[in-house]
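Each chain is listed here by its residues.
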Amino acid sequence: ELIVPRMEVLDSLARVEFCGVLGSAGEAARPHLPNIAERLTDEQAAVREAACTALGQHGQAAAPHSSAVAKLLTDQECAVRAAACTTLGQLGEAAVPHLPAVQAAVKAACKALRQPEEAWKTFGDFEWPTFKEVNLREVFKENGDGAAEALQAVA
């Protein structure tokens, strides 16, 4: 059994590390998924990113936290948004209601960067069986010439 300290008493580096430990601890960490999810609203971006990643490592077991993860699609920090996209892809069917928000996040990144290939890399790897429902080809078609090739490379 894992003994989980109160994360709010840890410094930010320790919170990041502990999220990583809980993410890789497998079944033993499942009772502590709510503790990880609480860190999705941490003041430190690195902790929010680590919490996202940790939840994603638990796949569908973390599905009850999909709405909290989806809120990070509009986070100020690019790395947090990328982690949210990747994590939603790992949560399975629970992420489907959030697909429009993922599409909007990718579209916003394309507009912001004007480099769709770079925007695509920024948003990480998706679990395509879940996210193939998003018509990302259309998003990229609207946002630049090189986008279709970038999408083809990862599809």
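A short tour of the structure in this document, coming up. Computed from a prediction, not measured in an experiment: that's the story for all the values here. (Residues numbered from 1 in each chain as written. Predicted model: local features only at pLDDT ≥ 70, side-chain atom pairs only at ≥ 80, totals over all residues. Heavy atoms only, no water.)

## Examining the nonpolar core
Ranked by internal contacts, the top residues of the largest apolar core, which has 28 residues, are Ile36, Leu40, Cys52, Leu55, Val69, Leu73 and Leu88. Broken down by secondary-structure element, the contributors of at least two residues to this core are α1 (12–24), α2 (33–38), α3 (45–57), α4 (66–70), α5 (78–90) and α6 (99–113). Not counting the four nearest positions on each side in its chain, Leu73 is found in contact with Arg81, Ala84, Cys85, Leu88, His98, Ala101, Val102 and Ala105. (Core = buried A, V, L, I, M, F, W, Y, C linked by side-chain atoms within 4.5 Å. Buried < 20%, exposed > 50% of the residue type's maximum accessible area, 1.4 Å probe, protein only. Helix = DSSP H or I, 4+ residues; strand = E, 2+ residues; numbered from the N terminus. Contact = heavy atoms within 4.5 Å.)

## A closer look at the pattern of salt bridges
Scanning the entire structure with this criterion turns up four salt bridges. Taking the shortest distance from any N to any O, the salt bridge between Arg48 and Asp75 comes out at 2.8 Å. One end of the pair, Arg48, is in helix α3; the other, Asp75, is in the loop between α4 and α5, and 27 residues separate them in sequence. As far as the burial class goes, Arg48 and Asp75 line up, both buried. A single salt-bridge network, built from bridges that share partners, covers Arg15, Arg39 and Asp42. (Salt bridge = Lys/Arg side-chain N within 4 Å of Asp/Glu carboxyl O.)

## Some words on the environment of Cys19
If you trace the backbone, Cys19 turns up in helix α1. Separated by 30 residues in sequence, Cys19 and Glu49 place their C-alpha atoms 9.4 Å apart.

## Focus: the state of the cysteines
The tally for this structure, following the rule as stated, stands at zero disulfides. Unpaired in this structure, Cys52 has its nearest cysteine sulfur neighbour in Cys85, at a distance of 9.2 Å. You can call Cys52 buried: its relative accessible area is 0%. Looking at Cys78, it has no disulfide partner, and the nearest cysteine sulfur is the one in Cys85, 9.4 Å off. (Disulfide = S-S within 2.5 Å.)

## A closer look at α1
The terminal C-alpha atoms of α1, which comprises 13 residues, lie 19 Å apart, in line with the 18 Å expected from a rise of 1.5 Å per residue. Buried within α1 we find Arg15, Phe18, Cys19, Leu22 and Gly23. What you see down the axis of α1 is that its buried residues fit within an arc of 140 degrees, all on one side. The exposed set on the far side of α1, more than 90 degrees from its buried face, consists of Leu13 and Ser24. Packing partners of the buried residues in α1 comprise α2 and α3. Its side-chain oxygen 3.2 Å from the backbone nitrogen of Leu13, Asp11 forms the N-cap of α1. Following α1 by one or two positions, Gly26 has its phi on the positive side, about 65 degrees. (Expected span 1.5 Å × (residues − 1). Arc of directions from axis to C-beta. Polar contact = N/O pair within 3.5 Å; in protein donor to acceptor, adjacent residues only side chain to side chain.)

## A closer look at the packing of α3 against α5
One way to put it is that α3 packs onto α5 with a least axis distance of 8 Å and a crossing angle of 10 degrees. One element, α3, and the other, α5, form an angle in the roughly parallel class. Here Ala45, Arg48, Glu49, Cys52, Thr53, Leu55, Gly56 and Gln57 of α3 lie close against α5, whose contacting residues are Ala79, Val80, Ala83, Ala84, Thr87 and Gln90. Looking at side-chain class alone, the contact of α3 with α5 contains seven nonpolar, five polar and two charged residues. (Axes fitted to C-alpha atoms, helices over the stretch in contact; angles between N-to-C directions. Parallel < 35°, antiparallel > 145°, perpendicular 65-115°, else oblique. Nonpolar A, V, L, I, M, F, W, Y, C, P; charged D, E, K, R; others polar.)

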